[in-house]
Amino acid sequence: MTVRLHWFLPTGGDGRTLVDRHAYGRNDARGTAGVRAPDIEYLAQIAKAAERLGFEAVLTPTGTWCEDAWLTTVALAQHTERLKFLVAFRPGLLSPTLAAQMAATYQRVTRGRLLLNVVTGGDSAEQRRFGDHLDHDKRYERTDEFLSVVRGVWGGQPFDFRGSHYEVEGALAALPPDPVPQLFFGGSSPAAGPVAARHADVYLTWGEPPAQVKEKIDWIRSLAEREGRTVRFGIRLHTISRDSATEAWATANRLLDDLDADTVAAAQAALGRSESVGQRRMLELHGGSRDRLEIHPNLWAGVGLVRGGAGTALVGSHAEVAERIEEYHALGIEHFVLSGYPHLEEAYWFGEGVIPELAARGLLDRATAPAGAPLLVAGGR
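### Quick look at the environment of Leu-183
Among the structural elements, Leu-183 can be located in strand E9 (residues 183-185). Note on Leu-183: relative accessible area 1%, which makes it buried. Counting along the chain gives 65 residues from Leu-183 to Ala-248, while the straight-line C-alpha distance between them is 33 Å. Excluding anything up to four places from it in sequence, Leu-183 contacts Leu-116, Val-118, Leu-147, Arg-151, Trp-154, His-199, Ala-200, Asp-201 and Val-202.

Spelled out as C-alpha coordinates, the structure:
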(Lines give C-alpha, C1' and ligand atoms only; values in the text may rest on other atoms or scores of the structure.)
Protein backbone atom coordinates (compact mmCIF):
# COMPACT_ATOMS: atom_id res chain seq x y z
CA MET A 1 0.00 0.00 0.00
CA THR A 2 1.54 3.27 -1.14
CA VAL A 3 0.61 6.79 -0.08
CA ARG A 4 -2.02 8.48 -2.29
CA LEU A 5 -1.78 12.28 -2.16
CA HIS A 6 -4.62 14.74 -2.80
CA TRP A 7 -4.82 18.53 -2.52
CA PHE A 8 -7.74 20.95 -1.97
CA LEU A 9 -9.58 23.57 -4.04
CA PRO A 10 -10.64 26.57 -1.88
CA THR A 11 -13.90 27.32 -3.68
CA GLY A 12 -15.01 29.51 -0.77
CA GLY A 13 -11.97 31.78 -1.09
CA ASP A 14 -8.32 31.58 -0.15
CA GLY A 15 -5.66 33.74 1.44
CA ARG A 16 -2.91 34.22 4.00
CA THR A 17 -5.26 34.10 6.97
CA LEU A 18 -7.38 31.65 8.93
CA VAL A 19 -10.12 34.21 9.37
CA ASP A 20 -13.16 33.17 7.37
CA ARG A 21 -14.54 36.28 5.73
CA HIS A 22 -17.98 34.67 5.39
CA ALA A 23 -18.60 33.54 8.93
CA TYR A 24 -18.93 35.21 12.31
CA GLY A 25 -20.01 38.58 10.93
CA ARG A 26 -17.14 38.99 8.44
CA ASN A 27 -19.02 39.15 5.16
CA ASP A 28 -16.92 41.85 3.53
CA ALA A 29 -13.80 40.44 1.88
CA ARG A 30 -12.25 43.91 1.92
CA GLY A 31 -12.24 43.79 5.72
CA THR A 32 -9.89 40.80 5.82
CA ALA A 33 -6.36 41.23 4.51
CA GLY A 34 -4.86 38.76 2.08
CA VAL A 35 -8.13 37.26 0.81
CA ARG A 36 -8.29 35.81 -2.71
CA ALA A 37 -11.56 35.32 -4.54
CA PRO A 38 -12.28 31.77 -5.81
CA ASP A 39 -12.49 32.76 -9.46
CA ILE A 40 -11.83 30.17 -12.12
CA GLU A 41 -8.46 31.67 -13.07
CA TYR A 42 -7.08 31.31 -9.54
CA LEU A 43 -8.57 27.86 -8.98
CA ALA A 44 -7.05 26.77 -12.29
CA GLN A 45 -3.62 27.84 -11.00
CA ILE A 46 -4.05 25.59 -7.98
CA ALA A 47 -5.36 22.67 -10.05
CA LYS A 48 -2.46 22.94 -12.51
CA ALA A 49 0.05 23.16 -9.65
CA ALA A 50 -1.45 20.08 -7.99
CA GLU A 51 -1.25 18.15 -11.25
CA ARG A 52 2.32 19.23 -11.94
CA LEU A 53 3.48 18.37 -8.41
CA GLY A 54 2.09 14.84 -8.52
CA PHE A 55 -1.12 15.02 -6.51
CA GLU A 56 -3.67 12.46 -7.69
CA ALA A 57 -6.81 14.53 -7.06
CA VAL A 58 -8.18 17.69 -5.48
CA LEU A 59 -11.05 17.79 -2.99
CA THR A 60 -13.73 20.40 -3.65
CA PRO A 61 -16.00 21.24 -0.68
CA THR A 62 -19.74 21.74 -0.55
CA GLY A 63 -21.83 24.22 1.40
CA THR A 64 -23.38 27.66 1.54
CA TRP A 65 -20.13 29.59 1.12
CA CYS A 66 -18.62 27.50 -1.68
CA GLU A 67 -19.00 27.59 -5.41
CA ASP A 68 -20.87 24.52 -6.67
CA ALA A 69 -18.44 21.61 -6.73
CA TRP A 70 -19.85 19.80 -9.78
CA LEU A 71 -19.85 22.85 -12.04
CA THR A 72 -16.52 24.23 -10.85
CA THR A 73 -14.58 21.02 -11.25
CA VAL A 74 -15.95 20.06 -14.64
CA ALA A 75 -14.81 23.51 -15.80
CA LEU A 76 -11.36 22.94 -14.26
CA ALA A 77 -11.11 19.59 -16.01
CA GLN A 78 -10.69 21.59 -19.20
CA HIS A 79 -7.56 23.22 -17.72
CA THR A 80 -5.91 19.93 -16.66
CA GLU A 81 -5.11 16.57 -18.21
CA ARG A 82 -4.70 13.89 -15.53
CA LEU A 83 -5.87 15.44 -12.26
CA LYS A 84 -8.92 13.83 -10.66
CA PHE A 85 -11.62 15.74 -8.81
CA LEU A 86 -12.95 14.60 -5.45
CA VAL A 87 -16.38 16.25 -5.63
CA ALA A 88 -18.17 16.72 -2.30
CA PHE A 89 -21.95 16.55 -2.41
CA ARG A 90 -24.86 16.08 -0.01
CA PRO A 91 -27.30 13.22 -0.40
CA GLY A 92 -30.88 14.34 -0.02
CA LEU A 93 -30.45 17.57 -1.93
CA LEU A 94 -30.91 15.86 -5.29
CA SER A 95 -32.42 12.64 -6.60
CA PRO A 96 -30.13 9.61 -6.26
CA THR A 97 -30.96 8.56 -9.81
CA LEU A 98 -30.04 12.02 -11.06
CA ALA A 99 -26.80 11.95 -9.04
CA ALA A 100 -25.92 8.59 -10.61
CA GLN A 101 -26.59 10.02 -14.08
CA MET A 102 -24.53 13.14 -13.35
CA ALA A 103 -21.61 11.00 -12.22
CA ALA A 104 -21.82 8.87 -15.35
CA THR A 105 -21.84 11.96 -17.58
CA TYR A 106 -18.95 13.47 -15.60
CA GLN A 107 -16.85 10.34 -16.15
CA ARG A 108 -17.39 10.49 -19.91
CA VAL A 109 -16.75 14.24 -20.15
CA THR A 110 -13.53 14.03 -18.10
CA ARG A 111 -12.44 10.56 -19.27
CA GLY A 112 -12.73 9.00 -15.84
CA ARG A 113 -11.49 11.70 -13.48
CA LEU A 114 -14.33 11.76 -10.93
CA LEU A 115 -14.16 10.71 -7.26
CA LEU A 116 -17.08 11.38 -4.92
CA ASN A 117 -17.01 12.66 -1.34
CA VAL A 118 -20.33 11.92 0.37
CA VAL A 119 -21.15 14.60 2.97
CA THR A 120 -24.21 13.67 4.99
CA GLY A 121 -24.16 16.97 6.90
CA GLY A 122 -23.76 17.67 10.61
CA ASP A 123 -25.28 21.13 10.91
CA SER A 124 -29.08 21.35 10.84
CA ALA A 125 -29.03 25.12 10.25
CA GLU A 126 -26.91 24.59 7.15
CA GLN A 127 -29.17 21.78 5.96
CA ARG A 128 -32.29 23.91 6.40
CA ARG A 129 -30.85 26.51 4.02
CA PHE A 130 -31.22 23.85 1.34
CA GLY A 131 -34.70 22.79 2.46
CA ASP A 132 -33.61 19.71 4.42
CA HIS A 133 -35.30 19.31 7.82
CA LEU A 134 -34.25 15.79 8.83
CA ASP A 135 -32.37 15.31 12.08
CA HIS A 136 -28.80 13.99 12.33
CA ASP A 137 -29.48 10.25 12.50
CA LYS A 138 -32.26 10.38 9.91
CA ARG A 139 -29.84 12.04 7.49
CA TYR A 140 -27.51 9.06 7.78
CA GLU A 141 -30.45 6.70 7.30
CA ARG A 142 -31.32 8.59 4.13
CA THR A 143 -27.68 8.52 2.96
CA ASP A 144 -27.71 4.73 3.32
CA GLU A 145 -30.74 4.49 1.01
CA PHE A 146 -29.38 7.14 -1.36
CA LEU A 147 -26.14 5.24 -1.92
CA SER A 148 -28.01 1.96 -2.33
CA VAL A 149 -29.97 3.55 -5.19
CA VAL A 150 -26.85 5.11 -6.75
CA ARG A 151 -25.01 1.79 -6.69
CA GLY A 152 -28.08 0.08 -8.15
CA VAL A 153 -28.41 2.60 -10.97
CA TRP A 154 -24.76 2.10 -11.85
CA GLY A 155 -25.40 -1.64 -12.26
CA GLY A 156 -26.55 -1.20 -15.85
CA GLN A 157 -29.98 -2.83 -15.45
CA PRO A 158 -33.35 -1.34 -14.42
CA PHE A 159 -33.30 -1.07 -10.63
CA ASP A 160 -36.19 -1.00 -8.17
CA PHE A 161 -35.90 0.21 -4.59
CA ARG A 162 -38.37 0.95 -1.84
CA GLY A 163 -37.27 2.49 1.46
CA SER A 164 -38.33 5.05 4.04
CA HIS A 165 -36.87 7.96 2.05
CA TYR A 166 -36.68 6.81 -1.58
CA GLU A 167 -38.78 4.73 -3.90
CA VAL A 168 -37.64 4.21 -7.49
CA GLU A 169 -38.88 1.92 -10.24
CA GLY A 170 -36.76 0.87 -13.21
CA ALA A 171 -34.03 3.39 -12.37
CA LEU A 172 -30.97 3.23 -14.58
CA ALA A 173 -28.32 5.27 -16.32
CA ALA A 174 -28.34 4.81 -20.08
CA LEU A 175 -24.56 4.41 -19.96
CA PRO A 176 -23.12 3.46 -16.53
CA PRO A 177 -19.94 5.28 -15.48
CA ASP A 178 -16.65 3.74 -16.52
CA PRO A 179 -14.86 3.51 -14.20
CA VAL A 180 -17.36 3.60 -11.35
CA PRO A 181 -16.30 6.55 -9.12
CA GLN A 182 -14.78 5.68 -5.77
CA LEU A 183 -16.90 6.84 -2.82
CA PHE A 184 -15.13 8.69 0.00
CA PHE A 185 -17.21 8.91 3.16
CA GLY A 186 -16.67 10.36 6.65
CA GLY A 187 -18.56 10.35 9.92
CA SER A 188 -17.69 9.71 13.55
CA SER A 189 -21.13 9.07 15.02
CA PRO A 190 -22.71 5.67 15.74
CA ALA A 191 -25.17 6.42 12.92
CA ALA A 192 -22.33 6.99 10.43
CA GLY A 193 -20.26 3.86 10.99
CA PRO A 194 -22.62 1.24 9.52
CA VAL A 195 -23.29 3.42 6.46
CA ALA A 196 -19.55 3.72 5.83
CA ALA A 197 -19.14 -0.03 6.26
CA ARG A 198 -21.84 -0.78 3.67
CA HIS A 199 -20.95 1.80 1.02
CA ALA A 200 -17.57 3.55 1.39
CA ASP A 201 -14.59 2.68 -0.74
CA VAL A 202 -12.49 5.05 1.39
CA TYR A 203 -13.40 6.06 4.94
CA LEU A 204 -12.10 9.59 5.51
CA THR A 205 -11.32 10.94 8.98
CA TRP A 206 -10.21 14.37 10.11
CA GLY A 207 -6.69 14.70 11.49
CA GLU A 208 -6.85 13.44 15.04
CA PRO A 209 -3.78 12.11 16.90
CA PRO A 210 -2.66 8.67 15.71
CA ALA A 211 -4.08 6.75 18.67
CA GLN A 212 -7.56 8.15 18.03
CA VAL A 213 -7.24 7.54 14.29
CA LYS A 214 -6.36 3.91 14.97
CA GLU A 215 -9.51 3.53 17.07
CA LYS A 216 -11.58 4.78 14.12
CA ILE A 217 -9.82 2.46 11.68
CA ASP A 218 -10.43 -0.53 13.93
CA TRP A 219 -14.08 0.47 14.37
CA ILE A 220 -14.85 0.85 10.65
CA ARG A 221 -12.80 -2.19 9.67
CA SER A 222 -14.73 -4.41 12.07
CA LEU A 223 -18.08 -3.07 10.83
CA ALA A 224 -17.03 -3.60 7.21
CA GLU A 225 -15.95 -7.19 7.93
CA ARG A 226 -19.47 -7.93 9.18
CA GLU A 227 -20.74 -6.67 5.81
CA GLY A 228 -18.26 -8.84 3.94
CA ARG A 229 -16.47 -5.75 2.63
CA THR A 230 -13.02 -4.19 2.73
CA VAL A 231 -12.73 -0.42 3.24
CA ARG A 232 -9.60 1.65 2.65
CA PHE A 233 -8.77 4.68 4.80
CA GLY A 234 -7.89 8.33 4.31
CA ILE A 235 -7.18 11.38 6.45
CA ARG A 236 -7.90 15.10 5.97
CA LEU A 237 -5.13 17.44 7.16
CA HIS A 238 -3.67 20.89 6.56
CA THR A 239 0.11 21.21 6.14
CA ILE A 240 2.74 23.82 6.94
CA SER A 241 6.04 22.41 5.72
CA ARG A 242 9.25 24.42 5.44
CA ASP A 243 12.99 23.92 4.99
CA SER A 244 13.35 24.02 8.78
CA ALA A 245 11.02 23.36 11.72
CA THR A 246 11.69 26.89 13.00
CA GLU A 247 10.36 28.41 9.78
CA ALA A 248 7.29 26.16 9.80
CA TRP A 249 6.31 26.99 13.37
CA ALA A 250 6.90 30.70 12.73
CA THR A 251 4.42 30.46 9.85
CA ALA A 252 1.89 28.68 12.05
CA ASN A 253 2.23 31.34 14.72
CA ARG A 254 1.74 34.12 12.16
CA LEU A 255 -1.58 32.55 11.20
CA LEU A 256 -2.68 33.12 14.80
CA ASP A 257 -1.68 36.78 14.81
CA ASP A 258 -4.93 38.07 13.30
CA LEU A 259 -7.17 35.91 15.52
CA ASP A 260 -8.35 38.16 18.32
CA ALA A 261 -10.20 36.75 21.31
CA ASP A 262 -13.61 37.86 20.03
CA THR A 263 -13.10 36.13 16.68
CA VAL A 264 -12.07 32.87 18.34
CA ALA A 265 -14.97 33.05 20.82
CA ALA A 266 -17.52 33.66 18.05
CA ALA A 267 -16.12 30.82 15.99
CA GLN A 268 -16.11 28.39 18.90
CA ALA A 269 -19.70 29.27 19.79
CA ALA A 270 -20.86 28.70 16.21
CA LEU A 271 -18.92 25.45 15.80
CA GLY A 272 -20.16 24.23 19.16
CA ARG A 273 -23.72 24.24 17.87
CA SER A 274 -22.90 21.65 15.21
CA GLU A 275 -24.48 18.22 15.56
CA SER A 276 -21.40 16.64 13.97
CA VAL A 277 -19.60 14.23 16.28
CA GLY A 278 -16.46 14.73 14.19
CA GLN A 279 -16.68 18.48 14.71
CA ARG A 280 -17.06 17.98 18.46
CA ARG A 281 -13.95 15.80 18.45
CA MET A 282 -12.06 18.54 16.63
CA LEU A 283 -13.09 21.11 19.26
CA GLU A 284 -12.05 18.82 22.10
CA LEU A 285 -8.49 18.73 20.74
CA HIS A 286 -7.85 22.34 21.79
CA GLY A 287 -10.81 23.32 24.00
CA GLY A 288 -10.83 26.82 22.50
CA SER A 289 -7.45 27.62 24.06
CA ARG A 290 -4.19 28.63 22.39
CA ASP A 291 -2.12 27.18 25.24
CA ARG A 292 -1.55 23.61 24.01
CA LEU A 293 -2.10 23.54 20.28
CA GLU A 294 0.59 20.94 19.47
CA ILE A 295 -1.49 17.91 20.43
CA HIS A 296 0.95 15.32 19.06
CA PRO A 297 4.45 15.84 17.66
CA ASN A 298 4.05 18.11 14.58
CA LEU A 299 0.23 17.96 14.82
CA TRP A 300 -1.17 21.47 15.42
CA ALA A 301 -4.81 22.23 16.27
CA GLY A 302 -4.65 25.97 15.58
CA VAL A 303 -6.77 25.87 12.42
CA GLY A 304 -9.72 24.53 14.40
CA LEU A 305 -9.84 27.63 16.60
CA VAL A 306 -11.80 29.43 13.88
CA ARG A 307 -12.51 27.00 11.05
CA GLY A 308 -14.93 24.14 10.93
CA GLY A 309 -14.18 20.74 9.48
CA ALA A 310 -10.56 19.67 9.35
CA GLY A 311 -8.95 21.62 12.18
CA THR A 312 -5.41 20.26 12.42
CA ALA A 313 -2.21 20.76 10.45
CA LEU A 314 1.07 18.90 10.10
CA VAL A 315 3.72 21.49 10.98
CA GLY A 316 7.47 21.04 10.71
CA SER A 317 10.40 20.52 8.42
CA HIS A 318 9.81 18.55 5.25
CA ALA A 319 11.38 15.48 6.87
CA GLU A 320 9.23 15.83 10.00
CA VAL A 321 6.02 16.15 8.00
CA ALA A 322 7.00 13.10 5.95
CA GLU A 323 7.69 11.22 9.20
CA ARG A 324 4.20 12.01 10.52
CA ILE A 325 2.65 10.86 7.23
CA GLU A 326 4.63 7.65 7.51
CA GLU A 327 3.30 7.23 11.06
CA TYR A 328 -0.32 7.53 9.90
CA HIS A 329 0.41 5.30 6.91
CA ALA A 330 1.67 2.57 9.25
CA LEU A 331 -1.78 2.59 10.90
CA GLY A 332 -3.46 1.86 7.57
CA ILE A 333 -4.04 5.34 6.13
CA GLU A 334 -3.62 5.27 2.35
CA HIS A 335 -5.21 8.52 1.14
CA PHE A 336 -3.94 11.89 2.44
CA VAL A 337 -6.20 14.82 1.52
CA LEU A 338 -4.14 17.91 2.26
CA SER A 339 -4.42 21.70 2.13
CA GLY A 340 -2.76 24.89 3.39
CA TYR A 341 -3.07 28.67 3.44
CA PRO A 342 -2.67 29.94 0.80
CA HIS A 343 -3.32 26.80 -1.21
CA LEU A 344 -1.21 27.70 -4.22
CA GLU A 345 1.99 28.40 -2.29
CA GLU A 346 1.51 25.58 0.21
CA ALA A 347 1.03 23.10 -2.64
CA TYR A 348 4.53 23.97 -3.82
CA TRP A 349 6.05 23.87 -0.32
CA PHE A 350 4.65 20.36 0.13
CA GLY A 351 5.22 19.19 -3.43
CA GLU A 352 8.81 20.31 -3.65
CA GLY A 353 9.71 19.58 -0.03
CA VAL A 354 7.74 16.66 1.35
CA ILE A 355 7.01 14.59 -1.76
CA PRO A 356 10.74 13.92 -2.39
CA GLU A 357 11.04 12.85 1.27
CA LEU A 358 8.13 10.44 0.86
CA ALA A 359 9.63 9.07 -2.34
CA ALA A 360 12.95 8.50 -0.59
CA ARG A 361 11.12 6.48 2.07
CA GLY A 362 9.57 4.28 -0.63
CA LEU A 363 6.04 5.44 0.15
CA LEU A 364 5.10 6.70 -3.32
CA ASP A 365 4.32 4.80 -6.48
CA ARG A 366 6.79 5.85 -9.18
CA ALA A 367 3.89 6.14 -11.61
CA THR A 368 2.50 9.03 -9.54
CA ALA A 369 5.77 10.97 -9.31
CA PRO A 370 5.60 14.67 -10.22
CA ALA A 371 5.57 15.37 -13.92
CA GLY A 372 7.52 18.60 -13.72
CA ALA A 373 10.26 19.80 -16.02
CA PRO A 374 13.68 18.12 -15.83
CA LEU A 375 16.35 19.74 -13.68
CA LEU A 376 18.92 21.58 -15.79
CA VAL A 377 22.41 21.72 -14.33
CA ALA A 378 24.65 24.56 -15.45
CA GLY A 379 27.82 23.54 -17.23
CA GLY A 380 29.95 26.63 -16.67
CA ARG A 381 28.16 28.75 -19.25
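There's more to say after this.
### Here's the deal with the pairing of strand E1 (residues 4-8)
Within E1, four of the five residues are buried, which leaves it mostly tucked inside the rest of the structure. In this sheet, strand E15 (residues 333-339) lies alongside E1 in parallel orientation, the contact comprising three bridges. Residue pairing across strands places Arg-4 opposite His-335, the latter belonging to E15. Sheet topology note: the E1/strand E4 (residues 57-60) ladder contains three bridges and is parallel. Opposite Phe-8, over in E4, you have Leu-59 as the bridge partner.

### Considering the pairing of strand E14 (residues 313-317)
The element E14 is extensively covered by neighbouring structure, given that five of its five residues are classed as buried. The sheet contact formed by strand E11 (residues 232-242) and E14 spans five bridges and is parallel. Of the residues in E14, the one forming a bridge with Thr-239 is Leu-314. Taken together, the two bridges between strand E13 (residues 299-300) and E14 define a ladder with antiparallel strand orientation. Note on E14: the bridge partner recorded for Trp-300 is Ala-313.

### Some words on helix H2 (residues 69-76)
Considered for burial, the residues of H2 that qualify are Ala-69, Trp-70, Thr-72, Thr-73 and Leu-76. Close packing links the buried residues of H2 with helix H1 (40-53), E4, strand E5 (84-89), helix H3 (96-110) and strand E6 (114-118). Two or three places before Trp-70, at the opening of H2, Asp-68 has a side-chain oxygen 3.2 Å from that residue's backbone nitrogen.

### Some points on the pattern of salt bridges
The final tally for this structure, using the stated rule, is 23 salt bridges. Measuring nitrogen to oxygen at the nearest pair gives 2.8 Å for the salt bridge that ties Lys-214 to Asp-218. Highlighted residues: Lys-214 and Asp-218, both in helix H7 (residues 210-226), separated by four residues, approximately one helical turn. The exposure class of Asp-218 is partly exposed, given its relative accessible area of 35%. Residues participating in the shared-partner salt-bridge network are Arg-4, Glu-56, Lys-84, Arg-232 and Glu-334.

### Quick word on the packing of aromatic side chains
Summed over all chains, the structure comprises nine aromatic pairs. Measuring from ring centre to ring centre gives 6.4 Å for Phe-159 and Phe-161, while their planes differ by 20°; the resulting arrangement is stacked. The class of Phe-159 is partly exposed, set by a relative accessible area of 21%.

### Focus: the confidence of the model for the protein
Put simply, the protein has an average pLDDT of 90, and 92% of its residues get 70 or more. Counting contacts from residues 24-30, a segment whose pLDDT is below 50, to residues more than four positions away or on other chains yields 17 contacts. The low-confidence segment residues 371-381, where pLDDT is below 50, has four contacts with residues more than four positions distant or belonging to other chains.

About the cut-offs
- Residues numbered from 1 in each chain as written.
- Predicted model: local features only at pLDDT ≥ 70, side-chain atom pairs only at ≥ 80, totals over all residues.
- Heavy atoms only, no water.
- Helix = DSSP H or I, 4+ residues; strand = E, 2+ residues; numbered from the N terminus.
- Buried < 20%, exposed > 50% of the residue type's maximum accessible area, 1.4 Å probe, protein only.
- Contact = heavy atoms within 4.5 Å.
- Pairing = 2+ DSSP bridges.
- Polar contact = N/O pair within 3.5 Å; in protein donor to acceptor, adjacent residues only side chain to side chain.
- Salt bridge = Lys/Arg side-chain N within 4 Å of Asp/Glu carboxyl O.
- Phe/Tyr/Trp six-rings, centres within 6.5 Å; stacked < 30°, edge-to-face > 60°.
- pLDDT = per-residue confidence, 0-100.

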